[in-house]
Each structure stands twice: as C-alpha cells, then as structure tokens.
Amino acid sequence: MTSLARWAAVARRELSSALRRPSYWFLLGVLGLTAFGFSQGNVTISSGEATAGGLRSHITSAAAQSMYQSVLITAMGVWFLAIGAGLVLIRDAELRVGEIVHGTRLTAREYVWGSFAGAVAAFGIIWGLNLGLSAGFNHVLATGADTPHIGPFVPGNYLIPALLFGLPQILFFAGVPFFLGAWTRRPIVVFAFPVAMVLLILGFLVTWSPSWLDPAINRALILADPSGFRWLNETFLKLDRGVDFYNTAPLPPDMGFLLSRIGLAGIGLLAVEAAARNTARRLLEGDTDSVVIGFRRGGGETTRPTGTPEPPATAGGTLRELGMRTVPPGFFAAVHAIARTEVRELLVRPWLYLFVPLIVWQSVSASLLALGPFDSPLLVTSGAMAAGQFNTLSLLVCILLLFYTVESLMKERTQRLAEIYRATPVGTGAMLLGKTVGNVAVAGVILGAALIASWAIITARHLFGNPVGFDLWPFAAAWGGVMVLTFVFWTAFVTAAFALFRNRYAVYGLGLAVVIYTVYRMTVAQFQVDEALSWVTNWLAWNAMAAWSDMGAFSLHGHALLLNRLLYLSLVPLLLVLAVRWFGRQEFDATRILYRLRPRALLRSGLRLLPFAVPPAVLASMLFFGGRAGYEGPDADEAAKDYWRRNVATWTDFRMPSVSHVDLDVDLEPPVRTASVSGAYTFVNHRDHAYPELPITARPAAPIEWTLDGEPHEPDERAGLFVFTPEEPLAPGGSLTVGFRYDLQHPRGLSTRVGGRREFILDPGVVLTGFSPTFVPVPGYLPGIGVDRDNRYDQREYPDDFYEGETEPALGWGGQPLTTRIRITAPEEYTANSVGRLVSEEVRDGRRTVVWESDQPVRLFNIVAGRYAVKEGRGTAIYYHPEHDYNIEEMSAALDAARVHYSEWFHPFPWELLKLSEFPAYAGYAQGFPTNITFSEGIGFLTKSDPRAHAAFAIVAHEAAHQWWGNILTPGRGPGGNILSEGMAHYATILLHEEVHGDRHRIEFTKRIEDGYGDARFVDSERPLVKTDGSRRGDATVTYDKGGWVMWMLQQEMGRENILGGLRAFIDAYHASSDFPVIQDMLAVLRDFAPDPEAFDAFTAQWFFAVVVPEYRLTGVTKERAGRGWTVRGTVENPGTGRMTVAVAATANERWSDVGNAGTRTVVSPSYRDARTRVELGASESAEFEIVTTFDPERVLVDPDVLVLQLRREAAVFDFPE
Amino acid sequence: MLEIRNLVKVYPGPVAALQGVSLEASRGMLGLLGPNGAGKTTLMRIVAGLLEPTSGAVLLDGEDVTGDPRRIRRQLGYLPQSFGFYPHLTGAAMLRFLLVLKGVQAPRGLKHLAAELLERVNLQDAAKRKVGTYSGGMRQRLGIAQALAGNPRIVVVDEPTAGLDPEERLRFYRLLAEMAEDRLVLLSTHIVEDIAVLCPRVAVLSGGQVLADTAPGDARARLEGTIFEGAVAKEGLAEMERRFLVTQAVLIEGRNRVRVHVRDGRPPPGFEPIPPSLEDAYLLLIRNQASKNGQPAPAAAERAES
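Residues numbered from 1 in each chain as written. Chains lettered and ligands numbered in written order. Predicted model: local features only at pLDDT ≥ 70, side-chain atom pairs only at ≥ 80, totals over all residues.

1. With respect to the overall build of chain A
Scanning chain A for helices and strands turns up 33 helices and 31 strands. Each principal axis of the C-alpha distribution contributes one length, and for chain A these read about 110 × 90 × 65 Å. When the 1218 residues of chain A are sorted by exposure, 50% land in the buried category. Contacts in chain A between residues at least 24 apart in sequence constitute 76% of all its contacts with a sequence separation of at least 6. (Helix = DSSP H or I, 4+ residues; strand = E, 2+ residues; numbered from the N terminus. Buried ≥ 20, exposed ≤ 12 C-beta atoms within 10 Å, placed from the backbone. Contact = placed C-beta atoms within 7 Å.)

2. Side note on the pairing of strand β19 (residues 862–866) of chain A
Residue and element names in this part refer to chain A. Judged by how many residues are buried, β19 sits mostly within the fold: five of five residues are covered. What you see with β19 is no split at all: Asn862, Val864 and Gly866 on one side and Ile863 and Ala865 on the other are buried throughout. Judged from the five bridges that link them, strand β13 (residues 765–769) and β19 form a sheet pairing that is antiparallel. Paired with Val766 across the strands is Ala865, a residue of β19. (Pairing = 2+ DSSP bridges.)

3. Notes on the packing of helix α2 (residues 22–39) of chain A against helix α6 (residues 108–141) of chain A
Axes are the key here: two packed helices are described by the angle between their axes and the distance separating the axes. Residue and element names in this part refer to chain A. Packing of α2 against α6 brings their axes to within 9 Å, and their N-to-C directions diverge by 25°. The orientation of α2 with respect to α6, classified from their angle, is roughly parallel. Crossing angle aside, the handedness with which α2 passes α6 is right-handed. Residues Tyr24, Leu27, Leu28, Leu31, Gly32, Ala35, Phe36, Phe38 and Ser39 of α2 lie in contact with α6, whose contacting residues are Ala122, Ile126, Leu129, Asn130, Leu133, Ser134, Phe137, Asn138 and Leu141. A per-class count over the contact of α2 with α6 returns 13 nonpolar, five polar and no charged. (Axes fitted to C-alpha atoms, helices over the stretch in contact; angles between N-to-C directions. Parallel < 35°, antiparallel > 145°, perpendicular 65-115°, else oblique. Left-handed = near helix turned anticlockwise from the far one by under 90°. Nonpolar A, V, L, I, M, F, W, Y, C, P; charged D, E, K, R; others polar.)

4. So, the sheet that holds strand β8 (residues 154–158) of chain B
Residue and element names in this part refer to chain B. With mixed pairing, the six strands of this open sheet are ordered in space as β6-β8-β9-β3-β10-β11. The open sheet is flanked by β6 (76–79) and β11 (209–214), the only strands paired with a single partner. In this sheet, adjacent strand axes meet at a mean angle of 15° when their direction is disregarded. For strand β3 (residues 28–33) and strand β9 (residues 184–189), the ladder comprises six bridges, and the chain directions are parallel.

5. Thoughts on the interface of chain A and chain B
Contact with chain A, which involves 45 residues of that partner, is made by 59 residues of chain B. Elements that contribute at least two residues to the side of chain A that touches chain B include exactly β3 (325–326), α14 (331–347), α18 (418–422) and α23 (590–596) of chain A. At five residues, α14 of chain A tops the list of elements feeding residues into the side of chain A that touches chain B. In terms of residue class, the side of chain A that touches chain B is made up of 19 nonpolar, 15 polar and eleven charged.

6. Re the nonpolar core
Counting 428 residues, the largest nonpolar core has Leu401 and Val956 of chain A as its most contacted members. If we skip the residues at most four places from it in the chain, Leu401 of chain A touches Asn439, Val442, Ala443, Phe487, Trp490, Thr491 and Val494 of chain A. Within the second largest apolar cluster, nine residues are counted, among which are Ile227, Val232, Ala249 and Phe271 of chain B. (Core = buried A, V, L, I, M, F, W, Y, C linked by C-beta atoms within 7 Å.)

7. Thoughts on the pairing of β11 of chain B
Residue and element names in this part refer to chain B. Note: strand β10 (residues 201–206) against β11, five bridges, orientation antiparallel. Looking at the pairing, Leu205 lines up with Val210 of β11. The loop that links β10 with its antiparallel partner β11 comprises two residues; one of these, Gly207, has a positive phi angle of about 60°.

8. So, helix α26 (residues 888–905) of chain A
Two residues of an α-helix separated by three or four positions point the same way, owing to the 3.6 residues in each turn. Residues and elements named next belong to chain A. Over its 18 residues, α26 runs 25 Å from end to end, which matches the ideal 26 Å to within 8%, given 1.5 Å per residue. Of all the positions in α26, only Met891, Ser892, Ala894, Leu895, Ala897, Ala898, Arg899, Tyr902 and Trp905 are classed as buried. On its buried face, α26 sits against β20 (869–872), β21 (876–880), β22 (914–919), α27 (951–961), α28 (982–997) and α31 (1056–1070). (Expected span 1.5 Å × (residues − 1).)

The following block contains the structure:
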C-alpha cells in the first residue's frame, strides 16, 4: 500500500465516521432552514445600508452570498468545524485504536493529514449540500412574480464566495483546533477555540467600528478578520452604493484582502503540519501512547518513573479489624461529594483559567466599549454594567456549560471509571445533581470573576475621578437572581439530552442548535419585535435586562420575568427525573426497550412524571394566558385591528374642531400601575362648517363615564372610537365640553416578551402624553392604531404644491393652541411635572397634589413623575434620579444656554420655566413637550462627555430646541414637515455647540451626525428633503442628520446673521398661524434674507430639492521645499454628487489642545499650522491644487472646518510619511 | 443467598452471550472459569447491576434484583475487568470519594479508613500521588481496595490479578480469602491458577453455558490416573497430538514437556503418571464441549518456560 493509499484510507475512515455524527446533520438542518428562510425573503442579513434578502436586494447576488457565507461559517460553522476536527485524535485515544493503528506502516504524517482531510471533507460536504440547497430553494422553489429578492442564477455568485470567504475559514477553523487537540489532548481546549473566535470576530472585529477609528487601525482589523465580513462591510456595504450595485457587482477582492485569505488558509494548514510534526516527534521519543493516541498505557496514566521502586510489601492487618460497614449513602452527602470532586477536577485543569479571562474580557469589554448617542462613551454604572454583560455572559457561560456538562458526563466513560462508579449504591439522581451542581459552580467562578473585574473597573475609574461608584445590588439582582437560574436549567437540559442520546456529538449538535436558534430569533427581534421569543420560550432570558433602569430594575417586566424564571426552575426537577430515567446506568437490553415502549408502559411512565410536569405546565399556562390577556397580547392586537377596521374608511380625513382648553385630574398610584383619570375638553369650532358628530378615541380598557356639556352622555362606541352627537350640531364659533372619568392600569397585565415601553405608570416613574388614547381621550381618529404588516398601506403621495393654502399641523391635536390645567395627585415622595407653571402644591395624608397651568398656550401636554432631586438653573430646572447627578451640571448649563441663545436666535421663550425630567430607561428617547421635556436615563444622564462627543449636552440642546422647533413653531403635516422640527433641532444643536464650546466641539458633533447619515442612509430610497415624509427606510437620518447639516451649510451660504434673521422672521410669520409651514414655506422666507438669491436658489435646488452628497478623494499629493517654505500639490476629486466649494488644507501638528477638554471651550494648539486653498467640484470632477506653506506640512485634508456634508470624510485625508 | 436463574443475554447482532445460565451460591468463593468470550464478564456485569439481561433473573435473598439493581449495589464490592480513575485526584482522595459513594462508614472516619485500605493493598506510600501517575499494577491495587471497602455481602471481581506481580497477587489472594470467609466472592478469571489457589468451588462457562459446577478437588479426582507427562521433540508434537489427547505442552529448553490424558492406562512410551491438575480438567472439559458442538477442538495449551 502506498503512502497516498494509506493517507486516503485514513481520510475515508474519518469521513465516514464524521458523516455518521448527528451533529453535522443538525447543522445541515439549521442551515437548510436558514437557506429556505432566505429564499422566502423571511430571513435577512443587514449590514450598513445594504440588505440581503427582504424585498429588493437579491439574495442570490455575490454580495449577499458573501455575507451569508462569511457570517454563517463564523457564527455556526466554527463550532462544528472545531469540534469535528479538534476531537479526531482525542476520540481515537478514547476508542483505543492508537496502538493498533500505529503498529502498521502508517506514519504520523499520513495519519494526521488523513484524519484532518476526512474531517474537513465531511464539513465540506455539509457546506456543499447547504449551498446546493440554497441554490435549489432560490432558483427552483422560489420563482415567480412574488420573488423580487431572487436574481438570475449565476454559479459564480455561490462558488466565488465559497472560495474567498468559505474555504479559508474552513481550513483555519478546522486546522487550529485540530492542532490544539493533537497537542493538548484536552477536549476543553478545542472548545475554547470557537468560543474565542466567535467572541473576537462577532464581538469585536465585525462590530467595533466607531466613526472616529483611525483608518490604519481599521485596515489592520480588516485583514485580521477571519470571517472577511469586515472587509466586505468597510469596503462595499458601509457606504451604501444602492441595490443595483449589490445585485450585480462581482465584489473583486483587493490584493491585501486576497493575501489575508491565503494567509488564513495557510495558518490552518500550517497548524495541521505542526500537529503532524508534533506527533512524529513524540513517536521518535517513544511516547506513542501518550502523545499520538491521547491515552497512556494502563488507562490514562503514565508508567511509573524509571528508577522508582515499588512500595515495599507490608503485611497490614485483616479487613475485619477495620470495622467497616455500609449504609445507604445519603443523597446530599453524595451530591456534595460528587460536586466537590467535579469542582476539584475542574479547578486543576488549566483550561478553565483560559476560559474565564476570555469570557470575562469579552463580557466586560463589550460593556466598556458600548457607545451611546453620537458614539459617546457611556458612564459605566453598576446597573449598566450588570445589565450590559447579561446577554454576553448568559450566552457564553451556557456554551461553556454545554461543553463542560457533556464532558463531565462522558468523563467516567472516557476515564474508564464508569463500571466502578455506576456500581456504587449512590442514587442516579444524586449522581447527576452532583455533576450539575459542580458544573454550575463553574458558572459561579466565571460570574465571580466578571463581578470582580466589574468592581475593579468601576472602582479604579472612580478613584481617577469618574463619579460612578460600585454597587453590588444590580449584579446580585440581574446575575444572581435571574442569570444563575438559566445556568441551572441549561445544565439540567444538557444532562437530560445526554441521558437520552448518550452521544456527545448529538448533544453538542442539539445544544448548539438551540443556542443558535435562540440568539438568531432574539437578534432578528431587534428589527422585528414580534420575532422575539415569548416569555414562555425565552429560556435564556435574553434581553431581559435590556430595559434595565437604575430607577427600578424589574418594574416593567418583573411579573413576567418572575414567572419565566420559575417556569425554567420548575423544569429542572422534571429534566433531572427524565435524565435519571434515561441515563442508562444499567445498559438497557434492546428487547426490553421495545417492551417499555408499549402504550401501557408509556402511560404508566407518563403518570409517574406527572407531579414533575404539573408545575411547569401551570407556570407556562400562566405566562401564556397572562400575556394573551395583557397589553401586548392578541386580544389587545385584535381590539386595535377592530378599531382600524371599523373606522378607517369613515374618519381618516376628518378634520376636528379645536380643543381650546384641557382640564385634567389624574390620581396616580405608581406602585400598582394605576390611575384615576377625570377631566373635560372644551371644543371650539374654529372652522366654517358645523359638526353634527365629534369622534374621540379613548382606549383605557375600562368603562368610561362620559358627559357632554356637563350632562351624562353615552356616545356611540365603535371599537374605541366614541362618536358624540350633540343635540345641535357644533356651529362655527360655537363650543361644547366633553367630560370623562375612568380608571386606568398602564401597562395592563403581563407583557408577552422582552421590550421597552414609551409610556407607563410604574413605581420608578410615570410618563404619560396627550398622544396616547390609553391615557387620555384623543380627539379624532388615530390612523396608526391597528396597523401592522397585514394592513400596512402606502404612504400618501403629496402633490408638489401640497403646502399651498392651509396645512394641518404635524404635531398635537390640530386646530388652535390650547390652554391646560392639569391636577396631579401622587404619593408624597413623587414629584409630578406637566406643561406650564406650577400654580399650587399641597401634601395631605401622604399624597402630594400639584396643579400645573399653561402660562402661554400649548399644543401638546404630558405628565412625568418620579422620585426626583432637582437642579435649578436660570429659568430652567432638571428633575433627576438622585443617583444620576453625574452630568447634571453640564445638562443644566446646556439647558440654560439653550434658553438664552435660542431665544436670541429664533424667538423669545414665552413660558416661565423650562423643565427637563428623567424617566427610567424602559425606552431610550427624549421628547420636547412645551416647558416639560422628558428624557430617558439611558441617553444622556449616563453618558460620558468626551472631546469627540458630548451626548448629554447635545441631547439637551436638541430637545430644548424643540421648544422653538415643534412647539413655538409647529410644522405642517406632509413631506419635509418633520425636518422643521428634528432637522432644525439638530441645526440649533450645532449652533449651540459652537456658541458654548467652540469650533472643536461643533466640528466633532457635525462629524458624528455626518457619520450617522453615511451609515444609516439607504441610497435607493432616499428622497430630497422636501419629499422626505418618514415612510421610507433611512428617512430618520435624512430628517435629523442631513436636515441639520443642510441648514448648517445653508448658514455658510447665507451668512450667520442673515439666516438667523430669516428664521426669526419665519417663526414670527407662522407661530400663531392656522397654516402650518413646511420646508418650502421656510425657504420662501429665507430667500428674502439671502445676500445672493441666485446662489441661494442653486444651493436649495441641490440640497433641498434633489439628493446629492459629495465624496472627496486626494490623489498624487506631494510636497517640496520652496525657499523657506513648502509647496504642496495634488489632485482632489469628487466621485460623489453635488457641486460645492470646499477648502483643502495643508497642516502641521495637532489642531486642538487637550487643555480644552470635555465641558470647556475649544483651545487651539499653539503649534498648529495650516494653509488653505479652495476648489469647486461638481459630481465626478477633479481639480489640481497647490498650497504654499511656511511650515513643513504633515497632512493634507479636505474641508478642515467641516463645512460641507460628505461621505467617507476619513478617506479625504493624506498623511505625509514621516 | 444469590441465585442466578436461567439468565439469557443477547446482544444486537445477534450474539447470545449467555444462554440460560443458572447458578446458586451463598458464601465462600465461587470461581468462574472460561475461555475468552465464554460470557463471564457479561454474567458479572449483570450480577453487578450494570447490564440488563434479556431474560432470566438474579435473585438476592429470593428477590429479583435485575429490575432494581439498587438493591444489590448496596451490598456489592465490584472490581471490573478494565477500569480507570480520575487522573487528577490522589489515590487517597479517589478512594475516599468512592467510599462516600458506597456509603462506607468506619469507626475512625473515612480518611483513616482510606489510609488503612491503601496499606492493605500496599499503596500507602503512593496515597498522595495523583492516580494519573500510577502504574498499571498500582491502579489495579487501588481498584481492589475500593472493591473490598465497606464490608460488602457480595464481592464480584473480574480478572482481578491481571497486571499484578507475584508478590501482589499473593497479597490479593490473602485478602480475597479473608473476604470469602463470611460472604460470597464471585471470581471470574481465565487463569486456572487463581481458581486452584482460592476457590473451593468453580463453575466453568463456555459459549454462554455452564459446563460444570464443581469443586476443584472433585474435578482433579475424576482424572486421577489418566494424566501422564513426558518429553517430546519439537517435531514430534504434532504426531503426539494426533494420537493422544494432549492437555498441555510446555516448551523447556527446546523440548516439549507434554501432558496427555489416557483413559486406557496405555501412555506413550517414556511417559510417567502424574497427579492431574485443575488445568488438565478444565482444558479437557473445554475441548470435549467444543467437539460436542462440532467445533474444531482447541489446541492443547502451549507455553514456553525458561
């Protein structure tokens, strides 16, 4: 037999063995389901702005297949590859084939390479079948008119990504663990590899890309990423090039990337060669058994060292003298002994000390690297850290427990102790529970290490000036109270699965499939909330801490979470009982198994299990039916759908009369989520026609007592829309009063799944708005209620001149401004804020009653309450959770500055007091109601100011700006209307940054929102600002970021004083008008203030009425000495769109001094030098430039002052080599 | 009282490992002797509650324990044929762990008991070494220590002397003999010498059946006057085997010392009568059974001595 034939024989044997493993078929099943989901358009991968799957992008394109293969091999394949290849030689050791195999002519190299080839070929076959299934599903099953996501069949779209992304990963992910297995002979080391890879790649290399990252570091990370996804993302996907590009482009690899892929494959193959050499070397040293085969002669033990004498024989006494006796071993004594031995065994293994730092590092770093709004660093509070690590720790520890539990259950078999162990009289239950406890202790070690690391980080930061100190409670609650139960359940589940299958590969396959499916569902749920696992099935409690609040950790989901945890805890005894029954301590006889499967025997077994099955069944029913009846359940959905069904045709375009006054009395009981609400609305008919009917939407889910002009009234109810029919139609200029009274629970009942909540009455705080018919009756029909995927309709198309004549307001209840008198009663410790000014406050019988009246008319109202501390400023106040005082000074300064400067720039602030109140982070937004801003704890109170991002300042500035842009000036309903609210608020924020902190901070903020626009825009769906109506993907960033930026550029075009003068005139013209303005109205006013109307028209034509974005590149940049100075030459081109004049600068030294750090004004570094020129470039144009400097330039960059919106600004920089 | 009643065990294949084995024993040492594949280990594992029989029963004091092996485990000391230990534990820790699992108690505590047991098997100096560093013989002795622990009513030992040097083997014989004074010891082996030294009673298994259940002395007595021994040249052995029933052929200094069984009192020339051994009886029984089943008769036991 030739060497090749021997190699092939080994490979065939390994291939045959591998393909019989259930784990690969589990993998194929999961991959097949995923491929089917892709083909149906149900499963999508999104990156940046390009979407694979969905409605228009082709899942069959090279881009989509590249994403598919790079991500799936990293997320799923790595586990199966590492286990499949890494355990080959270890398994041979356990099966004791080594001595026989190596007694033949087989060489170590033939054996090692043959085994590796077989293992890789097995995965290759599975992967090939998967690609075949994908192609089949896509091009055979999913054809027809309803498959816009399927493109033409191009074999290269599947094969080239397989070669470029798949093959190198396969060789790397198989080769390295193969070497680790051969070298160490420890399964646990093999398992460490995929854990490390997934953490590194998915937790860092693929995802960590802050906008301020140095391009050189980014390039290094691209080349280091084994998945190749970072290259794909950074090179092709991040900057959206449009669906057409992704559907047809071949995505050629650049040389660097190609070499990195070859290098990756080479590392995998070198690892195999290293394994072969290691094996051969050990063979030469005569250590055949211990090294190659993985076990030592005599069952895992070394022979006695040469020269060590046998212990001398001693006579000893008789056995009888020992006085031994046997009693049935105690259950807990046995559990203790087994658990202790398991822990001792684990603690002496060095690999635990590899896993623990790995997991702790990933967990802690993910929490530390988390970014807040505008890529700002987050203040690491104990709560944020405990909650931030929750998902990562839960997932990683569960994966680790899967490996440890299986290997622990395999241990007696592999170490050949099983016969002795199982013949002992200790109960199987104690045996399994002892192992469970021992393995869960591993989880305890990891949690302990993560806790210590968290403590050390928080404490160290605290010592160096960070205001946040360590608090144990969040860790105890989130980890000890919630996460540990997951580990107990999971270990019991794995134990039961092992008892059933008695095959490590089957259990790995099942366990990984469960984990991957769970994480997949919960990840998809970030985009489609109803994809989230319900509380009944969310065994991992994934995202259970996403709604963490320092103000009250478990108030929102507490009941559901408690039932969920009890459910999975109650499953533990059932699983252990099943495990005991299936464990096979006594090898079953095949004939008798058939006997046991008779119906009567099965029934008898089932009845015996009943006591264990009843508690989980009861708890699951409570969760299921409680959720159905709750605010997120199908009953609520059906009621909403019924509202839509019965009213959409009748009331959609109905224009209501104005509400001139709101009188509201709200009696709050936050600890029990309830309120009693009563009040009255005064309607005034400001239109020129009479109203025979008045529709009002109210959905408090409790009976409402209505009055009409003070008399009891029973309106016609149409599924939540109450239609009032006054005796006489409401004539023009006439008025009537509608009164109401009801009790409210908000939210009502159990939630069905994890998720946030925008409005609530909960113990830590209360947020209620006049938008919500669950809280107060809302005049008219609300078109958003009851609309979901089934009945979503296209956004209305507005004609170009839609704004001519009177336009309805985009915000509020419509009609004229109103006055409010809102009386709020709550427990004494609560502070309750609403719009206007506080006119009275009294405390009686432990309850505080406050009355708020609007000192000037408003269009919206809200209530926010909590146990607050207060920071008062100049006509401003911030109400905050007493422990969240970290950014209060900065926020208060921002609010004060906003009030002063916005009043100066835009319009005098008409109200007495401007308040800002914190609410628990059950939602992460802020809303600028008149005089009463609500602000989530998660978006500014817990951010850390940094020279690159001042989130606290920026968000306060933005929300404060809504007092002017949204309230004083209410935009009109229609395309572009919301830009007058959100875009203008961003513009105001830019101005306030510059005014308060100077250029550096303004530049950084404009860069942040420019990056936000570059990352989040969808080039195919983007429309001009005047057409942006919020209905398309990417409209949010256009409305906020581009809207603000374009106004900033318009300021450069018009001049600061001209534009501010124009804006003041605009507000004056419209703030009291019944015609609510949109962009066109604003531009019409501003044009009168433009010094060069033609230039103004040219600017607005491209930036407001078209979609353009420049993108600048520098090429051929040189510098040469010229006398005592230097001359810099080069070419700048614009491969993007739009025509703008832009500065090009040659600079030396850092521009900003670190003296001007967070919270202070910009300080320009004394050593900084620059010299500039300007170029005007249209789309695809280029221009040469020359800059003469008096200093040695180090860098050339386009638009140094960040005055022109552009894509990939970081690429418009050239650094001269040192 | 242990009663094995008509045990049948069929492995998937199918392979009938046991074909209706019945035995009874109450006290003392019962040797199970048989060639490889005879079903000894299968029988031992069923008795130890580790393997479910296809049919039949193992009765302990009249109660069938095959359906509930916990009952026998409480009274069992078991040493399997092949076993290992947790390599990271010391010998003393490993033994203590097993003592806890077996529910063993001792007046001076388990730590002391473990030390005493290790001394009995001559491992006292290796008590603090990790089991992973033990030689095969040391590991075997640790296995013996755990099997003897706890004063079990039934001790099941499967090929216990494999890997032991002569000195340790003798030490083990003494321990087993002591154990057998007041309890039942089931000793499975294919080493006839073990049985001959230790067992007042032996059951011979072959092909899953009990061929004989007797005392070694009786077995020898039945052959009295029929065993002769003489020297045969190497090239003459085949002819000798054709003409006579050769029980053993030992190669000594290039010549065969051959033992033959002669029923008619006419041995080969130069052969002298000698006392029969248990090995003679066992080998004759096995060969006789093979010929009854129409299988080729096993060759005479051959070995070389220097």
